[in-house]
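For reference, the chains in residue letters:
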Amino acid sequence: MAKHNLQMWERLAAAGMNYTRPFGRPPKTKVGMRRFMDPRHRLKGVRLDGARVLGLAAGGGWDPVIFAKLGATTTLFDISPRQLRTVRELARKQRVAIRFVRGNMKDLSIFPDASFDLVWHCHSLVFVDDAGRVLREVGRVLAPGGTYLMSTMHPTTLRLYGSYTGNGWRPKRSYFDERPVPLISEWDATWTYGRKQVVAPTIEYGHRFETIINGMVAGGMVVDGVWEFSPGPPEPGAELGSDAHLDTIFPAFIEVRGRKLPFQPDRRDRPKGAGHAGVPGGSGRPRAR
Ligand SMILES: C[S@@+](CC[C@H](N)C(=O)[O-])C[C@H]1O[C@@H](n2cnc3c(N)ncnc32)[C@H](O)[C@@H]1O
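Residues numbered from 1 in each chain as written. Predicted model: local features only at pLDDT ≥ 70, side-chain atom pairs only at ≥ 80, totals over all residues. Heavy atoms only, no water.

### As for the site of the ligand
The environment of the ligand is made up of 19 residues, and the closest members are A57, D78, Q83, N104 and M105. The backbone of A57 places a nitrogen or oxygen atom 2.9 Å from a nitrogen atom of the ligand. One of the backbone N or O atoms of C122 is found 3.4 Å from a nitrogen atom in the ligand. Counted by class, the shell around the ligand contains 10 nonpolar, 7 polar and 2 charged residues. (Near = heavy atom within 4 Å. Polar contact = N/O pair within 3.5 Å; in protein donor to acceptor, adjacent residues only side chain to side chain. Nonpolar A, V, L, I, M, F, W, Y, C, P; charged D, E, K, R; others polar.)

Now the structure itself:
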């Protein structure tokens with residue numbers, strides 16, 4: 001699966017689709033850069049200057065470069081060589097130093113325990129089957145007191161895209177079905193960016209809230225924020241039953257923030273099944289920040 005999704009991201013990046021190019025131009029001030037990268041202020045109070053930051057699956061965009069500009073010792077980890085290359089070129093132009101590591105987020109063994117103060121993980125957990133494994137790895141590499149911020153597709157909304165019947169939404173499978181959502185056979189897999197269209201059937205999993213929260217707990221984190229949101233203001237003329245319409249009545253994304261505890265929690269306190277992920281995922285591709 002990792003190999004398949006890698007090929008798809010290489011294809012998307014070669015075509016310069018959404019999520020594979022640095023969008024916009026960040027402001028020059030430190031405050032402006034922070035707002036540009038973290039518009040909902042989820043990192044309020046988190047020190048970046050001098051911090052060790054891991055941009056997990058954060059290729060293709062501005063974020064790692066901004067962390068570096070804000071004084072963080074920054075590592076970018078991504079599976080796609082093209083996504084890494086885009087940031088390498090941007091970093092060179094912007095004259096900042098970043099460490100680049102290629103790999104599958106299910107295996108962060110290249111990083112020692114407690115080696116990061118912040119793990120920044122946007123819109124990519126859908127591309128792995130075993131979310132619990134990724135979250136345990138994140139917990140391992142986070143230093144005590146460190147922050148983890150992740151965003152991904154909303155597990156309910158993801159199961160509703162493309163399911164409008166003319167009379168309401170009718171999901172093809174249950175919330176508890178752990179297969180990818182949708183199955184490749186059910187999705188035409190066309191990604192659109194402006195007038196460009198690319199067929200790239202990424203395999204995506206709609207990890208449930210309990211998988212994510214319990215996975216973070218199993219990784220030694222405490223969850224201190226959960227948010228549900230859609231990318232922009234409601235589109236007034238959104239066609240009934242379209243993805244844009246659905247995003248006006250249900251949240252497209254979730255964000256979850258965790259803090260690594262300064263001690264290893266008692267295993268007996270952990271929720272049963274924590275750490276076993278494998279939830280089905282998604283049809284919709286990530287659409288916006
Ligand atoms: C939607 S893009 C997110 C890009 C960037 N983080 C952002 O928010 O703009 C998903 C990223 O996940 C990467 N990716 C997909 N599967 C991965 C895996 N198993 N391990 C590491 N990176 C992966 C892709 O190469 C791609 O860069």
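### Side note on the environment of D129
Examined against the element boundaries, D129 turns out to sit in the loop between β4 (116-122) and α5 (131-141). Taking relative accessible area as the criterion, D129 reaches 24% and is therefore assigned partly exposed. Residues D129 and A2 lie 127 residues apart in sequence; the distance between their C-alpha atoms is 9.2 Å. Within polar-contact distance, the side chain of D129 engages the side chain of K106 at 2.8 Å. (Helix = DSSP H or I, 4+ residues; strand = E, 2+ residues; numbered from the N terminus. Buried < 20%, exposed > 50% of the residue type's maximum accessible area, 1.4 Å probe, protein only.)

### Brief notes about the confidence of the model for the protein
Summary statistics for the protein give a mean pLDDT of 90 and a share of 90% for residues scoring 70 or more. For the stretch residues 273-289, pLDDT sits under 50, and the model shows 97 contacts to residues farther than four places along the chain or on other chains. (pLDDT = per-residue confidence, 0-100. Contact = heavy atoms within 4.5 Å.)

### Some points on the pairing of strand β6 (residues 190-193)
In the case of a regular strand, side chains alternate between the two sheet surfaces. Two elements, β6 and strand β7 (residues 196-199), share 4 bridges in a ladder whose sense is antiparallel. Bridging across to β7, T192 finds its partner in Q197. In sequence, β6 turns back onto β7 through a hairpin of 2 residues, with G194 there showing a positive phi of about 60 degrees. (Pairing = 2+ DSSP bridges.)

### Observations regarding the sheet that holds strand β9 (residues 253-260)
With mixed pairing, 7 strands are arranged side by side in an open sheet as β3-β2-β1-β4-β5-β9-β8. Only two strands of the sheet have a single partner each, and these edge strands are β3 (99-102) and β8 (221-229). Each adjacent strand pair in this sheet contributes to an overall mean axis angle of 15 degrees, direction not counted. (Axes fitted to C-alpha atoms, helices over the stretch in contact; angles between N-to-C directions.)

### What to know about helix α4 (residues 81-94)
With 14 residues, α4 should cover 20 Å at 1.5 Å per step; its first-to-last C-alpha distance of 20 Å lies within 8% of that length. Restricting attention to buried positions, one finds in α4 the residues Q83, L84, V87, L90, A91 and Q94. Seen end-on, α4 carries its buried residues on one side only, within an arc spanning 125 degrees. Those residues of α4 that are exposed and aimed more than 90 degrees away from the buried face are R92 and K93. Close packing links the buried residues of α4 with α1 (2-15), α3 (63-69), β2 (73-78) and β3. Looking one or two places after α4, you find R95, whose phi comes out positive at around 55 degrees. (Expected span 1.5 Å × (residues − 1). Arc of directions from axis to C-beta.)

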